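Here are the chains, one letter per residue:
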Amino acid sequence: MSYDPLRASHPGTGLDYMPSYWTATAGVRPTDDGPLTGTTDVDVAIIGGGYTGLSCAYHLARHYGIRATVLEANRPGWGCSGRNGGFARAAIGRHSFGKMIERWGRQTARRVFGQALSAVDNVRSMIGEGGIGCDALEAGHLKIAHRPSRAAALAREAELLQREFEYPAEFLTGAKLRSEHIGGSQSHGALRFPDALAVHPLKLALGVLNMARAAGAKVHSASPVLSWRKNGHAHVLITPSATVRARTVVLATNGYTPEHLHDCIRATTLPMLSHIIVTRAMTAEEKVTTGFRTEHVLTDTRNLLYYWRRLPDDRILFGGRGQITESAAGQVAHRDFLLAELKAKLPALGAIRVDYDWWGWVCLTADFMPHVYHAADDTSTHYALGYQGSGVSYSLFAGKVLAARIANDASPDPIPATTTPLPRFPFAALRRVGQRAAYQWYRYSDNRG
Ligand SMILES: Cc1cc2nc3c(=O)[nH]c(=O)nc-3n(C[C@H](O)[C@H](O)[C@H](O)COP(=O)(O)OP(=O)(O)OC[C@H]3O[C@@H](n4cnc5c(N)ncnc54)[C@H](O)[C@@H]3O)c2cc1C
């Protein structure tokens, strides 16, 4: 089914997971609490059962004894959380750390960077606490110069990270990158971040589901919130088979947020499709000729960046921007396009084929930052969204921040993402037009200089 969050009222009811490499390898699916029925009063209702919603439910129950009710339209982890590349990186929003210093000053930028690292640590702790078997690997992250001219900026960024944040980032020359990590025609140097995990994203989501339920939360699948109103101090949420009255509501729907569900998110999100292909396993010869020996998760220096990694079974996962809206013809074209771009990076893969491809909605905001905040006129309506396509670690962390806030506990260091509301897009009706224009411009600028 195709879904457009800017137009549709909800993403479906009880839909199965999208076929993908992850669904094919996730193993036995744990149970959830099924569709909610009847009329229920709850303290906290959470809309959306991905990393944000499940993590919030887990932390509320585990640390504060608050047993939240999660309402998920389809299945836990059905959205981005079960479909992503599995790169748990130190990332908050889309700005470079240099830009953050320019924008907020050194002290704030240091706090943002510290929180990005804490978010990766939180992934490690949650995996440990829940004994989650999600094939987690301390992989590290390489940001690769896709053109020779982009290497100098990476060297400067490494120096900035060392100087301003005392972080052991490292610049790798093209020669070192090719001899130790990956060859090909677009490996001209890299910035190395030691902190990044590679995970099986759906196993991770299902692991957090188990943790939330074991701690006492209820997680209802096939329970899309169709409408939401306020009756005095109570929120009233309507699903196809239930009415939920809640004192507090958390919106944890990220790129799948239906535009018209609540006024606090109207005109604040730009959902964008990200598309992934997974190839057949590389042959022994291809492993040598590509020089693809690294286990690091990889991104490049494009604005419309590509992200890729070698999977434990020697397949390659390669992702990039998808269509503007979902269509069957566009899906085939994007799959073929991504394969051509992978082969452009690694020409030795001339004969490789695609075994899986899928896509999902990521969430951009007008200031390219996530926001973990509340409605301007109602502090019982919380949200955490806008991860800009890099939310594996920060969405799990945002769920924890929200739980602390709802329980009136001390939050971690305040940063702009946790202290400011979602800004509205100017000329919101033209978001898609702007997106098309931006894609054209980025494509042009990514291929020059
Ligand atoms: C193809 C792809 C690759 C990505 N790769 C990476 C990566 O490698 N690293 C990284 O850091 N990030 C990556 N991301 C982004 C990352 O996956 C997300 O930032 C993160 O999963 C967001 O989690 P979430 O819980 O906020 O949202 P989601 O996991 O998207 O969950 C939102 C849920 O809300 C539900 N929902 C929506 N409306 C309603 C309603 N009305 N009622 C009830 N439920 C509703 C949806 O069904 C959905 O399950 C990728 C995303 C995609 C699509």
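Scroll up a little and you will see the structure.
Definitions and limits used
Residues numbered from 1 in each chain as written. Predicted model: local features only at pLDDT ≥ 70, side-chain atom pairs only at ≥ 80, totals over all residues. Heavy atoms only, no water. Core = buried A, V, L, I, M, F, W, Y, C linked by side-chain atoms within 4.5 Å. Buried < 20%, exposed > 50% of the residue type's maximum accessible area, 1.4 Å probe, protein only. Contact = heavy atoms within 4.5 Å. Salt bridge = Lys/Arg side-chain N within 4 Å of Asp/Glu carboxyl O. Helix = DSSP H or I, 4+ residues; strand = E, 2+ residues; numbered from the N terminus. Pairing = 2+ DSSP bridges. Axes fitted to C-alpha atoms, helices over the stretch in contact; angles between N-to-C directions. Parallel < 35°, antiparallel > 145°, perpendicular 65-115°, else oblique. Left-handed = near helix turned anticlockwise from the far one by under 90°. Patch = residues over 30% accessible without salt bridge, like charges linked within 9 Å, V, L, I, M, F, W, Y side chains within 5 Å. Areas by Shrake-Rupley, 256 points an atom, 1.4 Å probe, with all protein chains shown as cover.

Student: Can you tell me about the nonpolar core, naming the residues and giving the values?
Tutor: Membership of the largest hydrophobic core comes to 90 residues, with the highest contact counts inside it found for Ile46, Leu60, Leu161, Phe165, Leu204 and Tyr394. The contact partners of Leu60, leaving out residues within four places of it in the chain, are Val44, Ile46, Gly65, Ile66, Ala68, Ala403 and Ile406.

Student: Hey, could you go over the pattern of salt bridges for me, with residue numbers and the actual values?
Tutor: In the structure shown here, the tally under the stated rule is 30 salt bridges. Between Glu259 and Arg431 there is a salt bridge, with the nearest N and O atoms lying 2.7 Å from each other. Taken as a pair, Glu259 in the loop between β12 (242-251) and β13 (269-279) and Arg431 in helix α12 (residues 431-446) lie far apart in primary sequence, 172 residues in all. Here the two residues Glu259 and Arg431 agree in accessibility, since each one is buried. The salt bridge partner of Arg424 is Asp263, with a shortest N-O separation of 3.7 Å. Within this pair, whereas Arg424 is found in the loop between α11 (416-419) and α12, its partner Asp263 is found in the loop between β12 and β13, the two being separated by 161 residues in sequence. You can call Arg424 partly exposed: its relative accessible area is 39%. Residues participating in the shared-partner salt-bridge network are Arg106, Glu159, Arg163 and Glu164.

Student: So what's going on with the pairing of strand β16 (residues 316-321)? Residues and values would help.
Tutor: Most of β16 is tucked away, with 5 of its 6 residues classed as buried. Of the pairings in the sheet, the one linking β13 to β16 comprises 5 bridges and is antiparallel in character. Across the sheet, the residue bridging to His275 is Gly320, located in β16. Here strand β15 (residues 307-310) runs beside β16; their pairing, made up of 4 bridges, is antiparallel. Pairing of Arg310 across the sheet is with Ile316, part of β16. Counting the residues between successive antiparallel strands, the hairpin from β15 to β16 contains 5 residues, one of them, Asp314, with a positive phi of roughly 70 degrees.

Student: Describe the packing of helix α3 (residues 97-104) against helix α4 (residues 106-130), naming the residues involved and giving the relevant values.
Tutor: Each pair of packed helices can be described by the angle between their axes along with the distance between the axes. One way to put it is that α3 packs onto α4 with a least axis distance of 7 Å and a crossing angle of 140 degrees. On the basis of their axis angle, the class for α3 and α4 is oblique. Where α3 crosses over α4, the two elements pack in a sense that is right-handed. Touching Phe97, Met100, Ile101 and Trp104 of α3 are Arg106, Thr108, Ala109, Val112 and Phe113, all from α4.

Student: Give me a nonpolar patch on the surface: which residues, what numbers.
Tutor: Residues Phe427, Leu430 and Val433 make up a contiguous nonpolar surface patch of about 360 Å² in total accessible area. Relative to the elements of secondary structure, Phe427 occurs in the loop between α11 and α12.

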